Amino acid sequence: MTLRREGSRRYLSASQEDTERFGELVAPLLADGDVLVLTGGLGVGKTHFTKGVARGLGDAHPVTSPTFALMAVHDGGRIPLFHFDLYRLEHAYELEDTGIFDVLGYEGACLLEWGEQFQDELTDEFLGVVIARTGESTRAISLEAHGRRAEELAEAIDAAVGAAVGA
């Protein structure tokens, strides 16, 4: 593993496996009602992060991008994981059709790919996970807390990842 901490709430992933490992380290810290908004361009690793979270929760089922389904439920682990892809939505009124309001902030954790465009309509309390290319295969992963629970979660993630990578 070449995942490394690059400062407070910032990490460097050198591979898809690193990004998945980061998700695995996040998973034990997630609780019912947690919302993570995954931000970054096409192909940066949002779904790989989600694969790691699902595996870290104990769900062995395959995780794929829910682009055409809009939502996938992974409920074989410690808590349910609701994985939304809001890329194809153009207007906030379309959110209702995804079923997001039935689960957001309640049972399980919600991971929202492309959720930044609707975060004001969704919740005030979320952890932003921003993934950006820094090279051909490297990615910077940053945490941006919005709200008290998100701040607690970001601090816990920073401690857990730091301990795992020796930083």
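To start, this report covers the structure provided alongside it. (Residues numbered from 1 in each chain as written. Predicted model: local features only at pLDDT ≥ 70, side-chain atom pairs only at ≥ 80, totals over all residues. Heavy atoms only, no water.)

Quick word on the overall build of the chain
Phase 1 of the analysis: A count of helices and strands for the chain gives five helices and eight strands.
Phase 2 of the analysis: Listing each helix as α and each strand as β along the chain from the N terminus yields β-β-α-β-α-β-β-α-β-α-β-β-α.
Phase 3 of the analysis: Relative to the compact-globule value of 15 Å for 167 residues, the chain shows a C-alpha radius of gyration of 15 Å, a close match.
Phase 4 of the analysis: Going through the 167 residues of the chain one by one, you find that 48% of them count as buried.
Phase 5 of the analysis: Surface exposure of the chain reaches about 7800 Å², of which carbon and sulfur atoms provide 48%.
Phase 6 of the analysis: When the 14 basic and 28 acidic side-chain charges of the chain are each reduced to a single mean position, those positions are 9 Å apart. (Helix = DSSP H or I, 4+ residues; strand = E, 2+ residues; numbered from the N terminus. Rg over C-alpha atoms; globule rule 2.2 N^0.38 Å. Buried < 20%, exposed > 50% of the residue type's maximum accessible area, 1.4 Å probe, protein only. Areas by Shrake-Rupley, 256 points an atom, 1.4 Å probe, with all protein chains shown as cover. Lys, Arg positive; Asp, Glu negative; His and termini not counted. Charge placed at Lys NZ, Arg CZ, Asp CG, Glu CD.)

Some thoughts on the environment of L25
Phase 1 of the analysis: Tracing the chain through its elements places L25 in helix α1 (residues 16–26).
Phase 2 of the analysis: On a C-alpha basis, the gap between L25 and I157 in space is 7.5 Å, while along the polypeptide they are 132 residues apart.
Phase 3 of the analysis: Filtering out sequence-adjacent residues up to four positions away, L25 remains in contact with L3, V161 and A164. (Contact = heavy atoms within 4.5 Å.)

Overview of the pattern of salt bridges
Phase 1 of the analysis: Enumeration over the complete set of coordinates arrives at ten salt bridges.
Phase 2 of the analysis: Notably, a salt bridge pairs R4 with E6, separated by 3.8 Å at the nearest N-O pair.
Phase 3 of the analysis: We classify R4 as partly exposed; its relative accessible area is 45%.
Phase 4 of the analysis: Residue R55 pairs with E20 through a salt bridge whose shortest N-O separation is 2.8 Å. You can see R55 sitting in helix α2 (residues 46–57) and its partner E20 sitting in helix α1, a full 35 residues away along the chain.
Phase 5 of the analysis: Note on E20: relative accessible area 13%, which makes it buried. (Salt bridge = Lys/Arg side-chain N within 4 Å of Asp/Glu carboxyl O.)

Description of the nonpolar core
Phase 1 of the analysis: One finds F22, L36, F49 and I157 to be the most contacted residues of the largest nonpolar core, which totals 29 residues.
Phase 2 of the analysis: Among the elements that take part in this core, helix α5 (residues 148–165) stands out by supplying five residues, more than any other.
Phase 3 of the analysis: Beyond its immediate stretch of four places on either side in the chain, I157 contacts Y11, F22, V26, L29, L127, L143 and G162.
Phase 4 of the analysis: Counting residues in hydrophobic clusters, the runner-up holds 16 residues, among them V35, L70, L86 and I100. (Core = buried A, V, L, I, M, F, W, Y, C linked by side-chain atoms within 4.5 Å.)

Quick look at the sheet that holds strand β3 (residues 35–39)
One key point about sheets: their strands pair by backbone hydrogen bonds, in either a parallel or an antiparallel sense.
Phase 1 of the analysis: Across the sheet, eight strands lie side by side as β1-β2-β8-β7-β3-β6-β5-β4; this open sheet has mixed pairing. For this open sheet the edge positions go to β1 (4–5) and β4 (71–74), each flanked by a neighbour on one side alone.
Phase 2 of the analysis: Of the strand pairs in this sheet, β4 and strand β5 (residues 81–85) are connected by four bridges, and their pairing is antiparallel. Within β5, the position partnered with A72 by the bridge is H83. (Pairing = 2+ DSSP bridges.)

Comments concerning the packing of aromatic side chains
Both the distance between ring centres and the angle between the ring planes are used here to describe each pair of aromatic rings.
Phase 1 of the analysis: Within the structure shown, the criterion is met by three aromatic pairs.
Phase 2 of the analysis: Taking the centre distance of 4.8 Å and the plane angle of 45° together, the rings of Y11 and F22 count as tilted. Of this pair, Y11 sits in strand β2 (residues 10–13) while F22 sits in helix α1; the two residues are eleven residues apart in sequence, bridging distant segments of the chain.
Phase 3 of the analysis: The buried category is assigned to F22, whose relative accessible area is 0%.
Phase 4 of the analysis: Note on F22 and F49: the rings are 5.9 Å apart at their centroids and 40° apart in plane angle, and the pair reads as tilted. (Phe/Tyr/Trp six-rings, centres within 6.5 Å; stacked < 30°, edge-to-face > 60°.)

Limitation: the analysis is restricted to geometry and does not speak to function.
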